[in-house]
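# Architecture at a glance
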Amino acid sequence: MFEHAEARPIDQIIAISRAYAEDPRAEKVDFGIGVYKDEMGNTPVMRAVKEAERRLVENQTTKTYVGVGGDQRYVELFANAVLPDHAYGRDILGIQSIGGSGAVRVLAEVALALNPDATFWLPDPTWPNHQAILGAVGAPIERYPYVRFTAEPDIGAILAKLDTAKAGDVVIIHASCHNPTGIDPALEDLGRLVDGIVGRGLIPFVDAAYIGFGTGWNRDAARVAAVAERAPEMLLALSCSKNFGIYRERTGAALLVSRGNPKLAATNSTLLATARASYSMPPDHGAAIVRTILDDPELKADWLAELEEIRNRINGNRSALALALARAKQDRDWTYIDKGQGMFSLLDVTPEAAARLREEQGVYIIPDGRKNIASLDASQADVVAAKLVSVL
Ligand code: LMR
C-alpha cells in the first residue's frame, strides 16, 4: 500500500516552524508558530510550573491510568477558573483533552454525534487546523466573514452571513486573541454576536486557547462567560499550552456548558466514548501540573503574576512594532496592530512575498501573513519593521 502514498501539503504553521529550525542564519527572526518567547528567544518554564513539577515528582505514588475523562479535579478547577459562576457537574461537564486541538477534535465529534446534520461555521480567516480537524471528522464547513487589517470585526456582516445557517449549526468563535488576526470584538459586540447566534438557533463553539494573553485572565475569561451567560448550550475548548506555557505536555479540556440543563448529564457518555475510541485515556503530567497550581493559592497567585508579565511584554511588542512600522511605511494605517490582542496580527502580503521575506531577510512569518510578535526584541523593532516593509 505504501506505493500509493503521495506527498500531502503540510499545515503551513508546522512547515514554517520546521523551516525556521533548519535555517542556519544567526540573525533569523521567528515570527512563526504561536509560542511565547522572551527577549532572549527562549520559551521559559513558568516558576509555578517548575514548583508544581517538583512537588509531583516527590509525591507521586503511582503511574496507573488516570481514566478516560482524565483528571477530573483538574477539569473542575480549570473550568471554575474560566467560568466561576457556573457549577462544574451541574452547568458544565468535561474531560481532560490532548491540548486545545484535541479538545476541538473531540467536541467536533461529539457535536456531530449529537446532531449529524450540523454544519460548522468558521471565521474567515481562522487557525488553519480548524479546517483540518473538522475535515478529518467529516464535518461540513462554511465560513463567515472576519476582518484582517481593521481594529474591529463587523458584527453586522457576520450575522448577515449567519442568516444562511440552519438551526442546530455550530459557530466557532475565538474567545480572545483571534488567531491569526489578533482582532477581537469588544465585549458588548461579542454579546451582540452571541445574541445573534442564539437567536438563529445556532450553537456557539468557543475555542479559548489564549485566555490571559489578551486583556488579562479575568477579563479574557469574562468573554467566555459572556457567551455562556447568553447561550443555552455551548461547546468550549480550553488549552493550557500558552497560558501555563506547557505546550509539549498537551493539556486542555473539552467542555459542554448548559446552565441548569438536566439533559447535560446525558452527554457525558458521548464525550467519554469519543475519547476512548480516539486515544483511550489522556496523559497525566500536564493536567497534574495545572491542578497543583490551581489548588494552591500561592502557586496560583505566582502563576497569574508571571502570566501578566508575559502579557505585558507581548503588548509592549505590539506597540513597539506598530510604531516602528508607522515610521518605516507612513502611507499605511498600522493601528490595527497596536489595538489587537495577543501574539498575532496579519501583514498584508502574498504567500510569495512571505517567502521572499523568509529567504531574503530571514524573517519567518506564516504564508497567510500571520506574524507572532512575542519573540520580538523591542529594541530591534525598527530593524525588523524595515525588513517587513521591504516586501510590501
Ligand atoms: C499556532 O497557531 O501557531 C499555535 O496554536 C500552534 C499550533 O498548533 O498551530
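So, a few notes on the structure that sits alongside this text. Computed from a predicted structure; not experimentally measured.

## Some details on the nonpolar core
- Among the nonpolar cores identified, the biggest contains 98 residues, and Phe78 and Leu236 are the most heavily contacted of them.
- Examining the composition of this core, we find that 10 residues originate from one element, helix H11 (residues 297-328), more than from any other.
- Inspection of this core shows a minimum of three residues originating in each of domain 1 (10-44 + 311-389) and domain 2 (65-295).
- Every residue in contact with Phe78, bar those within four places of it in the chain, is listed here: Trp217, Leu238, Ser239, Cys240, Phe244, Ala253 and Leu294.
- One finds Ala103, Leu122, Ala139 and Val170 within the second-largest nonpolar core, a separate group that totals 34 residues.

## What to know about the side chain of Gln341
- For Gln341, the location among the structural elements is in the loop between helix H12 (335-339) and strand S9 (344-346).
- Taking the relative accessible area as the measure of exposure, Gln341 reaches 18% and is therefore buried.
- Gln341 has contacts with Cys177, Gly182, Asp184, Gly214, Thr215 and Arg318, leaving out every residue within four places of it along the chain.

## Quick look at the site of the ligand
- Close to the ligand lie Ile13, Ile33, Gly34, Trp127, Asn179, Tyr210, Lys242 and Arg370.
- Here an oxygen atom of the ligand and a side-chain polar atom of Asn179 are 2.9 Å apart.
- Look at the ligand: alone it shows 260 Å² of surface, and the protein chains cover 81% of it.
- Grouping the constituent residues of the shell around the ligand by class yields four nonpolar, two polar and two charged.
- In terms of domain composition, the shell around the ligand takes at least three residues from each of domain 1 (10-44 + 311-389) and domain 2 (65-295).

## Some words on the environment of Asp302
- Relative to the assigned elements, Asp302 resides in helix H11.
- A polar contact is formed between the side chain of Asp302 and the side chain of Arg47, at a distance of 3.0 Å.

## Quick look at the side chain of Lys37
- Tracing the backbone shows Lys37 in the loop between strand S1 (29-30) and helix H2 (47-59).
- At 2.7 Å, the side chain of Lys37 and the side chain of Asp30 are in polar contact.
- Not counting the four nearest positions on each side in its chain, Lys37 is found in contact with Tyr20, Asp30, Asn42, Thr43, Arg313, Ala374 and Ser375.

## Points about the packing of aromatic side chains
- Evaluation of the coordinates by the stated rule reveals nine aromatic pairs.
- Ring centres 6.3 Å apart and planes at 80° place the aromatic pair Tyr210 and Phe213 in the edge-to-face group. Of the two residues, Tyr210 and Phe213, neither departs from the other in class, the shared state being buried.
- Cluster of aromatic residues (ring-pair linked, three or more members): Tyr74, Phe78, Trp217, Phe244 and Trp303.
- In this structure, Lys28 packs its charged tip against the face of Tyr20, placed 4.4 Å from the ring centre.
- Between Arg370 and the ring centre of Phe344, over which it is positioned, the NZ or CZ distance is 3.8 Å.

## As for helix H13 (residues 351-361)
- Looking only at H13, the buried set comprises Ala353, Ala354, Ala355, Leu357 and Arg358.
- Next to the buried residues of H13 lie helix H1 (12-22), strand S10 (363-364) and helix H14 (381-389).

Cut-offs and rules
Residues numbered from 1 in each chain as written. Predicted model: local features only at pLDDT ≥ 70, side-chain atom pairs only at ≥ 80, totals over all residues. Heavy atoms only, no water. Core = buried A, V, L, I, M, F, W, Y, C linked by side-chain atoms within 4.5 Å. Buried < 20%, exposed > 50% of the residue type's maximum accessible area, 1.4 Å probe, protein only. Helix = DSSP H or I, 4+ residues; strand = E, 2+ residues; numbered from the N terminus. Domains from an automatic or database assignment. Contact = heavy atoms within 4.5 Å. Near = heavy atom within 4 Å. Polar contact = N/O pair within 3.5 Å; in protein donor to acceptor, adjacent residues only side chain to side chain. Areas by Shrake-Rupley, 256 points an atom, 1.4 Å probe, with all protein chains shown as cover. Nonpolar A, V, L, I, M, F, W, Y, C, P; charged D, E, K, R; others polar. Phe/Tyr/Trp six-rings, centres within 6.5 Å; stacked < 30°, edge-to-face > 60°. Lys NZ or Arg CZ within 6 Å of the ring centre and 35° of its normal.

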